[in-house]
Each structure stands twice: as structure tokens, then as C-alpha cells.
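Analysis of the macromolecular model
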Amino acid sequence: MEKDRLKTFVTILFVVTIISMLILAYIDNQTYYMRFPQPSDKQKSTETLNSITAIKNSKHYMVSAFIDHRVGGIIRVISIINRNSLQPLYCVYCNTEQDCKTVKANVQIHRDHFGFPFAASDVICEDKHLQNAKHVLISTDKDSANLKKDYLPIKNRVISETFKFNFTVCISNLFGDYNNVLQFAQTIEMYKLLGIQRVVIYNTSCGPDLEKLLQHYEREGILEIVSWPIDQFLNPSSGWNFRKNSGDLHYYGQLITLNECIYRHMYQSKYVLLNDIDEIIMPYKHADLPSLMEDLQSAHPNVGVFLIENHIFPKTQFEDSGKYKRPEWNDVPGINIMEHIYREPDRKNVYNPTKMIVDPRKVEQTSVHVPLKSIGGNYRVPFHVCRIVHVRTPLQGRLTKEELAVDKRVWDFEQKLIQNVDQTLKHSGLLRLSS
Ligand SMILES: *[C@@H]1O[C@H](CO)[C@@H](O)[C@H](O)[C@H]1NC(C)=O
Ligand SMILES: *[C@@H]1O[C@H](CO)[C@@H](O)[C@H](O)[C@H]1NC(C)=O
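Another aspect to go through is the overall build of the chain. In terms of regular secondary structure, the chain is built from six helices and 22 strands. Across the 435 residues of the chain, 54% fall into the buried class. In the chain, the proportion of contacts linking residues at least 24 apart, taken out of those at least 6 apart, comes to 79%. Working note: accessible area of the chain is about 20,400 Å², and carbon and sulfur atoms make up 52% of it.

Quick look at the structure:
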């Protein structure tokens, strides 16, 4: 009798374990998803750019160098390290062109490499007399102090407590022939209404109409375009999972650009928003981002990382009245976010991934959804206070309209938004001047 019960118990336990493993594997596949459309064939451009520099006699690359005042004034060189070819590395730092010194480097590979051979890394240079260093290079050779080329300028040498911008959006990667012009214009104009002063985008390649729009925003001064010709150095993956998307490096080097963006704006911007090109971090209780952050920061004075939940608005579900189906936008490629007001509900057992608003001075290393090393902790902002409006292909594609939630927050900005989008498209040469 006792033996039978034990047998039954063990059988049930076995079955439950197998089912749980299957469910977990399924969730693992579902939670992370493509945030960009698939890029087309690689475009090779002949431009030579110095945002990525090969480290001689190695398989590694260096990107940018910064003084980090928070950890003893070391030099942090944001780098791309090949995990299969580790070797001793050295920092050559120079106060003047003649006055260079070599020290052994400490390589810190970020833990979120997702299995790819190349990983976002910090190469740390530590020495007593770094304060006056102006240039640095990473070398495989202890005795390379007289190399002339390939030095990186060292940025963030001076701490500033006043900032040129209050809110900067970092959009990590643009690649393939992405040409979603209408959604990008709506997103940037929305962000301007919400109080953003700066948008930074790392450009590997893009479609012809988006190119015009980017050039317009660059002329206007709101957009900083960082060239990111990663495809000329490596075979970047268009996915996040090494097992499924082969390649040298996770997602066009997104983890490197996100970290670079934080350091680049450490003393330029009070806050930095880290989100993808098709996502808007949207306050729901406040009129704009300044008033949202004033409240959040005074309630959580030490927090440096505010996590914002992502919510999907399927591009396949249109609102019924058709009032934002404007003929003026008929020939503009891309998604009209104003037509998509249906939001997917939360799923049981699926954790909504987050994106971040950070105080860049409180982040040392970041991943895509959460920081890896930060000061002061994280705060997960409640859904009803702020969430991400993310119009894209559905994740729960089988749901009918009735099973989705109506969420018209974008419409609160309709008048100004439409006006400003029209102006922008006109100035970019993307709006036909008809009727
Ligand atoms: C940033 O916010 C402060 C305080 O609200 C304000 O005085 C300042 O003008 C803002 N700066 C920018 C560039 O908007
Ligand atoms: C983006 O990068 C591509 C490839 O280098 C280049 O052709 C294009 O002009 C860049 N776009 C902008 C707006 O900088």
C-alpha cells in the first residue's frame, strides 16, 4: 500500500517536472522577441569611421575611453572582446604625445554575452597618475608606447554637475533597410512633447526615406547620429540568442552601444532613456517626463534606475473610426501608431520585460532590460504611472480585439502631434504637398 503510494507520487513528480520544463522552454522562447524587423543583406559601405578600432594583433576591438570618477578615476575603455581568444592586454596612456606609459589592463567581460563569442567589455586601466591622461590605446604588447596611431581620446575627464540636457533617448541600433518613417517621426515628435532634448542613434544602415528623416533631425539639432559600422568588422547577429541566430555578436552590438551611450552622456544629460526605435516611454499620470521624474526621484531619492514595463500594441489591430487614417500620410512608409490603440493583456507566468530611465552617473554596466552594475538600486515603476507604448507585430496574435485593452494615451497629444509630424515630414521632403 505504502509502496504503491510512493510509486504514484514519484510518477506524478516526474510528469510535473517534464511539463514544467516544457513550459519554461516555451516561455524562454516567447519572452525575448525581435525588436526590429529582419535586416536585409549586409550593406558594405566604403566609409572609414573610427567609432570601432581593431586592437592590433588580436581579435578584439576598442570603442571609446572614459575616465570613471566613481571608481577611483580609472580609465574605462568600452571594448568588444573575443571570449575565445583571451590574452594579456595593456593600456598605453599619454599625458602628452611624448609622455606615454604602459600598464597591464584588467579586462571585465560583461556577463550578458548570450553565448556569442564577442562580448561587451570594459578594459580597465588603473595607475597612480591617470588624472592628466588625454589619450589611450589598448595593446597586446608591453613595449608599444611609441605607436603613433589608434589612440582614443579620453572623455569625461571633468565632472560636471550641470547638464546640457535633462532627457536624452539612446536608441541602440539601426540596421538593415529599416524604413519605418511614420512611426519614427511620430515617436520623436511624441518624445519632444514629453520633454526630450536629445536623441542618439547608432547607425549601421537604414532605408532611403528614413535616411532623409534622420538628416532632417540632425540638421534640426535634436538628433546625434553615431556611426556604428559593426558589419564591417564582424558578422553581427540579428538576434539575441546564439543557439538560434548564429553570428559573432549579439544583436548588432546593442550591449556595447547602450553602455557607450550612458558614458557618452554621463555629464551631458540628467537622465538617459534606453529604449528601441519603436518604443515610447509614456507617462500616464503626468503630463510629461520632467514632472514624472520629479515625483519618482523625490519618492526614491537614491534610485538611479527606473524600470518601465513594455506593452505591446499590435500593428494588426486598427481602431474602428479611421479618424487618424490621414490621406496626407498615405505615401509615407511605416506604421501610423495613432491607429493602434489596442494593447495586449499581461500573460500569466510571463514577466513583462522592461526598458529603463537611468541617471547615467549611477550606472556602471548595463544590459538591455536591467542594469548589470549600478549604484542606488532599481525601482520598477507601476504600470499605471508609466509604461512603454510599443506598436509592433503581436506577441499574442490569436487574441481578438475584444480580448485586448483599449489604450488611447497617444490621442491625448493628437493636435500638436499631428501638426508637428506634418511639419517634420514636409521639411524632410517626405510629405507630398497635395490639396
Ligand atoms: C532642465 O530642467 C531644469 C529644472 O526643471 C530647467 O530649469 C532647465 O531649463 C531644463 N533644461 C533644459 C535643457 O530643458
Ligand atoms: C547610416 O549609415 C549608412 C551606412 O554607413 C550610411 O550610408 C547612411 O548615410 C547613414 N545615415 C545617416 C543619416 O547618417
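A few words on the packing of aromatic side chains. Inspection of every chain in the model, using the stated rule, returns twelve aromatic pairs. Where Tyr-61 meets Phe-118, the ring centres are 6.3 Å apart and the plane angle is 45°; that geometry is what we call tilted. Of the two residues, Tyr-61 is situated in strand 2 (residues 61-68) and Phe-118 in strand 7 (residues 118-125); the sequence distance between them amounts to 57 residues. For Tyr-61, a relative accessible area of 12% gives the class buried. In this structure Phe-118 comes out as buried when scored by relative accessible area, which is 7%. Arranged with centres 5.2 Å apart and planes meeting at 70°, the rings of Phe-116 and Phe-242 form a pair that is edge-to-face. Here Phe-242 lies in the loop between strand 12 (223-227) and helix 4 (254-264) and Phe-116 lies in the loop between strand 6 (106-109) and strand 7, a separation of 126 residues in the sequence.

Turning our attention to the site of ligand 1. Lining the immediate environment of ligand 1, one finds Lys-164, Asn-166 and Gln-197. At a separation of 3.2 Å, an oxygen atom of ligand 1 approaches a polar side-chain atom of Gln-197. Here ligand 1 has 360 Å² of accessible area as a free molecule, and 31% of this is covered by the chains.

With the rule as written, the count across this model stands at three disulfides. Here Cys-170 pairs with Cys-261 through a disulfide, and the sulfurs are 2.0 Å apart. Taking the sign of the S-S torsion, about -80° here, the bridge from Cys-170 to Cys-261 comes out left-handed. Of this pair, Cys-170 sits in strand 10 (residues 165-174) while Cys-261 sits in helix 4; the two residues are 91 residues apart in sequence, bridging distant segments of the chain. Accessibility expressed as a relative area gives 1% for Cys-170, which makes it buried.

Residues Phe-184, Ile-357 and Leu-425 are the most contacted members of the largest nonpolar core, which totals 63 residues. Considering every element that reaches this core, the biggest residue donor is helix 2 (residues 181-193), with seven residues. Setting aside its immediate chain neighbours within four residues, Ile-357 contacts Tyr-271, Val-272, Leu-273, Ile-281, Leu-289, Leu-292, Met-293, Gly-304, Val-305, Phe-306 and Ile-308. Grouped together as the second largest cluster of nonpolar side chains are 34 residues, Ala-120, Phe-175, Met-266 and Val-368 included.

This part is about the confidence of the model for the chain. In this model, the chain carries an average pLDDT of 90, and 88% of its residues clear a pLDDT of 70 or more. Counting contacts from residues 27-49, a segment whose pLDDT is below 50, to residues more than four positions away or on other chains yields 56 contacts.

Turning next to the environment of Pro-360. By the secondary structure assignment, Pro-360 is in the loop between strand 17 (354-358) and strand 18 (363-366). The class for Pro-360 is buried, based on a relative accessible area of 0%. Put simply, Pro-360 and Lys-270 are 90 residues apart on the chain and 7.4 Å apart in space, counted from C-alpha to C-alpha. Not counting residues within four places of it along the chain, the set of residues in contact with Pro-360 comprises Arg-70, Ile-262, His-265, Met-266, Ser-269, Lys-270, Tyr-271 and Val-272.

Before going further, it helps to examine the packing of helix 2 against helix 6 (residues 414-427). Here helix 2 crosses helix 6 at 125°, and the two axes come no closer than 9 Å. Relative to helix 6, helix 2 is oriented oblique. For helix 2 against helix 6, the interelement crossing comes out right-handed. Contacts from Val-181, Leu-182, Ala-185, Gln-186, Glu-189, Met-190 and Leu-193 of helix 2 reach helix 6 at Lys-416, Leu-417, Asn-420, Val-421, Thr-424 and Leu-425. Taken together, the residues of the contact of helix 2 with helix 6 sort by class into eight nonpolar, three polar and two charged.

So, on to the pairing of strand 11 (residues 198-203). Every other side chain in a regular strand lies on the same face of the sheet, so the side chains alternate between the two faces. Of all six residues in strand 11, six are buried, a share of seventy percent or more. Here strand 11 shows a buried face lined by Arg-198, Val-200 and Tyr-202 and a second buried face lined by Val-199, Ile-201 and Asn-203. Where strand 10 lies against strand 11, five bridges are found, and the strand directions are parallel. Across the sheet, residue Thr-168 finds its bridge partner in strand 11, namely Arg-198. Pairing analysis gives five bridges linking strand 11 to strand 12, with the strands arranged parallel. Paired with Asn-203 across the strands is Ser-227, a residue of strand 12. In the classification by handedness, the crossover that spans strand 11, the intervening helix 3 (residues 208-220) and the parallel strand 12 is right-handed.

Reading the values: rules and limits
- Residue indices follow the written sequence of each chain, beginning from 1 at its first position.
- As a convention, the first chain written is A and the first ligand written is 1, with the rest following in written order.
- This being a predicted model, a pLDDT of at least 70 is required before a residue's local features are given, and a value of 80 or more before pairs of side-chain atoms are given or counted; all residues contribute to the totals for chains, interfaces and linings.
- Hydrogen atoms and water are omitted, and side-chain values are computed over all heavy atoms in the structure.
- A run of H or I in DSSP counts as a helix once it spans at least four residues, and a run of E counts as a strand once it spans at least two, with each numbered from the N terminus.
- For every residue, the accessible area obtained with a 1.4 Å probe (protein chains only) is divided by the maximum for its type, and the residue is called buried under 20%, exposed over 50%, and partly exposed between those limits.
- The contact criterion used throughout is that any non-hydrogen atoms of two residues lie within 4.5 Å.
- Using a 1.4 Å probe, the Shrake-Rupley method yields the accessible areas, and only the shown protein chains count as cover for residues.
- What counts as a ring pair is set by centres within 6.5 Å for rings of Phe, Tyr and Trp (its six-membered ring), and what kind of pair is set by the plane angle: stacked under 30 degrees, edge-to-face over 60, tilted for all other angles.
- Residues are labelled near a given molecule or strand when at least one of their non-hydrogen atoms is within 4 Å of it.
- Pairing of N or O atoms within 3.5 Å defines a polar contact, subject to two protein rules: one partner must be a possible hydrogen donor and the other a possible acceptor, and residues neighboring in sequence count only if both atoms are side-chain atoms.
- In this description, a disulfide is simply a cysteine sulfur pair whose atoms lie within 2.5 Å.
- The set of buried Ala, Val, Leu, Ile, Met, Phe, Trp, Tyr and Cys residues whose side-chain atoms join them within 4.5 Å is what this entry labels a nonpolar core.
- For every residue, the pLDDT score states the predictor's confidence, bounded by 0 at the bottom and 100 at the top.
- Here an angle of 0 to 180 degrees is reported between the N-to-C directions of two axes, which are lines fitted to C-alpha atoms, with helices fitted over the stretch in contact.
- Geometric relationships in this document are graded by angle, where less than 35 degrees denotes roughly parallel, more than 145 denotes roughly antiparallel, 65 to 115 denotes roughly perpendicular, and other angles denote oblique.
- If you view the pair so one helix is near and one far, a crossing is left-handed when the near helix is turned anticlockwise from the far one by less than a right angle, and right-handed when it is turned clockwise.
- Residues are grouped as follows: Ala, Val, Leu, Ile, Met, Phe, Trp, Tyr, Cys and Pro are nonpolar; Asp, Glu, Lys and Arg are charged; every other residue, Gly included, is polar.
- Here the rule is simple: two strands pair whenever DSSP picks up at least two bridges between them.
- By the criterion used throughout, a crossover qualifies as right-handed when its path from the first strand across the helix to the second strand runs clockwise, the strands pointing away from the viewer.

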